[in-house]
Amino acid sequence: MVFFAIVVALHHAPLSWRVKKINLLLASLIFYGAWSPPFVLLLLFSTVVDWFAARWIHGATSKARRRAFLLLSLAGNLGLLGYFKYGEFLLENFTHLLNAAGVAYKAPEWNIILPVGISFYTFETLAYTLDIYLRRAAPGKSFLDFALFVTFFPQLVAGPIVRPSQLVPQFAEPKRATRPQFCWGLALIIIGLFEKVVLADSFLAPAADGAFGHKGALAPLDAWTGVLAFSGQIFFDFSGYSTTAIGTALCLGFALPNNFRFPYAAIGFSDFWRRWHISLSTWLRDYLYIPLGGNQKGRLRTYANLMITMLLGGLWHGASWTFVIWGGLHGLYLAVERFLREAMPARDFYKSLWFRVAMALLTYFLVNITWVFFRAEGFSEATLFLASMFAMAPKPDRVLYWNSILPAAIVIAGMVFTHWRMRSTTLESVVEKTPAWLIGAVLTFMLFMLVITQGSDSAFIYFQF
Amino acid sequence: MTKLAYFDPEDVHRPTPDRNWRALALAAIAATAILTVGWEFFWRGKGMTAGDFKNTEALWAEARRKATGDATVIIGSSRIFFGIDLDVWEEASGVRPVQLALEGTSPRIFLKDLAEDPDFKGQVIVGVTVPLFFGTDGGLRAAAIKYHRDETPSQRLDHALSKQLEGIFAFIDEQTRPKRQVAIWPAPLREGMKPRFSPRKLESLKADRNTELWARVATDERYLAEAKQQWLVGTKNNAPPPGPDGKPPAMPDAAIDAVIAEVGANIKKIRARGGDVAFMRLPYDGAYAALEDAAFPRARFWDRLVKETDSVGIAWQDHAALQGHYIVEWSHLEARAAEDYTRAVAPIYYEAMKKKAAENAAR
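The numbering scheme is per chain: residues are counted from 1 as the chain's sequence reads. Labels are handed out in written order, letters beginning with A for the chains and numbers beginning with 1 for the ligands. In keeping with the model being predicted, local features are shown solely for residues with a pLDDT of at least 70 and side-chain atom pairs are shown and tallied solely at 80 or more, while totals for entire chains, interfaces and linings include all residues.

1. With respect to the overall build of chain B
Per the convention used, a helix needs a DSSP run of H or I reaching at least four residues, while a strand needs a run of E reaching at least two, with both numbered from the N terminus. Across its full length, chain B holds 15 helices and seven strands. Seen along its three principal axes, the alpha-carbon backbone of chain B occupies a region of about 85 × 55 × 45 Å. With 363 residues in all, chain B has 33% of them scored as buried. A pair of residues counts as a contact when their C-beta atoms, built from backbone coordinates, are separated by no more than 7 Å. A sequence separation of at least 24 residues applies to 80% of the contacts in chain B between residues at least 6 apart. Note on burial: count the other C-beta atoms lying within 10 Å of the residue's C-beta; 20 or more is buried, 12 or fewer is exposed, in between is partly exposed, and C-beta positions come from the backbone.

2. Observations concerning the overall build of chain A
Along the backbone of chain A there are 19 helices and zero strands. A radius of gyration in this sense is built from C-alpha atoms; the matching globule rule multiplies 2.2 Å by the number of residues raised to 0.38. At 23 Å, chain A has a C-alpha radius of gyration in line with the 23 Å of a compact globule built from 465 residues. C-alpha extents for chain A along the principal axes are approximately 70 × 65 × 55 Å. Summarising the internal contacts of chain A: among those between residues at least 6 apart in sequence, 75% fall at separations of at least 24.

3. Some details on the interface of chain B and chain A
How big an interface is tends to be stated in terms of accessible area lost as the parts join. Contact residues are listed per partner, giving 47 residues for chain B and 51 residues for chain A. At the level of elements, helix 1 (21-45), helix 8 (153-166) and helix 9 (178-183) of chain B are the ones that each hand at least two residues to the side of chain B that touches chain A. Per element, the largest residue contribution to the side of chain B that touches chain A is 11 residues, and it comes from helix 1 of chain B. Residues that form the side of chain B that touches chain A fall into these classes: 26 nonpolar, 10 polar and 11 charged. Gly is put with the polar residues, along with every residue not named as nonpolar or charged; the nonpolar set is Ala, Val, Leu, Ile, Met, Phe, Trp, Tyr, Cys and Pro, and the charged set is Asp, Glu, Lys and Arg.

4. Examining the confidence of the model for chain B
Residues and elements named next belong to chain B. How sure the predictor is of each residue is captured by pLDDT, a score from 0 to 100. Per-chain confidence: chain B averages 91 in pLDDT, with 97% of residues scoring 70 or above. With pLDDT under 50 throughout, residues 1-7 is counted as low confidence; its partners more than four residues away or in other chains account for 16 contacts. For this predicted complex, the interface confidence score (ipTM) comes to 0.86, while the overall pTM stands at 0.89.

5. Here's the deal with unusual backbone geometry
Phi angles above zero are rare outside glycine, and Lys395 of chain A is one such case at about 45°. Residue placement: Lys395 of chain A occurs in the loop between helix 16 (379-389) and helix 17 (402-421). Judged by the 6 C-beta atoms lying within 10 Å of it, Lys395 of chain A is exposed. Positioned with a positive phi, Asp310 of chain B is a non-glycine residue whose angle comes to about 50°.

6. Regarding the nonpolar core
Side chains of a nonpolar character, in soluble globular proteins, are inclined to be buried together. Judged by nonpolar contacts, the single largest core of 129 residues is most densely connected at Ile190, Leu204 and Ala408 of chain A. A set of buried Ala, Val, Leu, Ile, Met, Phe, Trp, Tyr and Cys residues, joined through C-beta atoms within 7 Å, is what we mean by a nonpolar core. With 65 residues, the next largest nonpolar core counts Ile75, Ile125, Leu205 and Phe279 of chain B among its residues.

7. Examining the pairing of strand 1 (residues 72-75) of chain B
Residues and elements named next belong to chain B. Pairing between strands is defined by DSSP: at least two bridges between them are needed. Pairing of strand 1 with strand 3 (residues 123-127), which is carried by four bridges, proceeds in the parallel orientation. The partner of Thr72 across the bridge, within strand 3, is Gln123. When strand 1 meets strand 2 (residues 98-99), the two strands line up parallel, connected through two bridges. Directly across from Ile74, in strand 2, lies its bridge partner Gln99.

Structure follows, in structure tokens:
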């Protein structure tokens, strides 16, 4: 809060726009350095490499040179990710392969700390060079604007993954929030922090952690409560961060894109991915799925492209086979949905409320199956958890007290109902139509809950990705 | 840069709802302020006070940074944490120890941490609650050491700001948080589940972790009864499954040997740098005494530990001045009793250390 107050004060001070941008850049570097000062160098490395790579790609006269400079950018960004995020995973699997082939090899210990937000900012800078390479955009003219785009503190460590086209142009002209923008930005910060600190950490984490932390089989009630609580925890945690980031940027006069649109009201998986982590799903669509050929190269290639995109999307979240399975399941769901849409003739009842509700609940159910792989420590734990959910695990234990089950059930029921009611609208339009006294009461409740909750117990889940 | 049209994920224009935001913001802030004042008075009425600091890993890390050079450091679990008053110790000896004990946690991990710190050359007073000391893992708050090593600048700043607020508001306490209130709500138990071990607030901390038993534990009979009940629940929940004879299995000699060897090795490292280590047992009684003394007989655990590590060991059972102090809930001294106890134990400690030094010199 103190940091934010200083940044806002400097942003509203009578200084030139260039000085204000330098202030924002320095504030962003301090913000990032507050986690781990040495990793600021990595952030600057990624920024400088892509700034020059993009200029060289744009100025290159031959296809080979363009490709070489693109490779430089890819090697820089993917090299960072590979070393810091996937190094241990690759080494482990390499060791398993050698051992399986009968070669006695013991991998050295891998003690590399993952820099916070590395997957987010490397994807942002990669988008810049890929846009230039694919001739979708021209290089920026100001290094300051580009550096501020990469490091801009509201979205730096956990997204939304902003595109250069969305943010760089906003730095060209002086920006300052109007009073309504500033107040709405503050309201979004309150809503976002309430989602994270109160709903995710206080009322859902105990059930999710209690169930997933148990070593052994669970009673079905415990397993279902655990996975449903996790579905809410991950949503409120991540959506809370995104909403706070959007509010923070708005208080400074900048607009960031939405990252969530009430995803648990999705009807089908293509709908789900238009509502969940939108900035990642569109990034994967534009820089992976479409370059692979998208749906333009026949039915089989479309399914294969969907699977490849989602498998890599899963791996983006973390260096573990359970994330790959999570992505693979989503790829499978998308492929099956696409097949069914093409194979089944249109019927009138598809538009009926009961059918839509049933399909939304089926989607939520299948999403929860994937969350088991996302949250479980490993594959065997995930399969045991799934067996517990369907009463097929031997010797199940009851581990959750009513103190965890009831709050989780209330919050999850409220979340699913709210998502359904808000499915076709936006927060802004609902706020505009709601009586002022009710908005005041809701904001007061959220702010008071934030005060008495006294901060968070844990970092945002997506900081680790 | 040219504006991209055909593949932009979405328009980034953010509409602002058309409301009287100034009035709404003022109303929300005013209403929150009124509710917060009410909340503060509510908790003050329950015995909470401003300047009673949260027992966080950040506060522990702050104290750990002071445990350097020739500092005198207290490690252990809750008995020595609540039972030694730093002000009284300083009055009695001129030395103000650094309090690093943490409830429910084995001091062995702290001893190892200090032994591996080349900058530490001081004296370590180890509070021994035998079941915890000889336990197989670090215990409840073992993560504090990792937090101290990995603490980020933002966490340090957050802690510094939080301490300022804790000095003003009584309600800033782990006990008052909605999450904690839900956790201790006496909900009916699901069939087949053990009662939950989740003791309520027991301690009151000053900024330098000088700690005493929270007054309400001694003055509110219902609160006290619940605390005792919790100790029984904790003991039962943590008890190992009984052996074939129906009795809890005794700790094997090999496991005791391993613990003593590990502790001895760490003590040697500290002594090699000019420091020293001593052990203390603080008083306990009631149901705890019966359970603890039966499962961890003195000759197999305490006596061997003191003898085989060639250390000073001060057990309350051995000194008349350390007996008869008011133990509130079988395990912790009442705040004024802790002051008296400290006044009595400090000279015993320094006398024993002096005697040991003379013996070592004479060898």
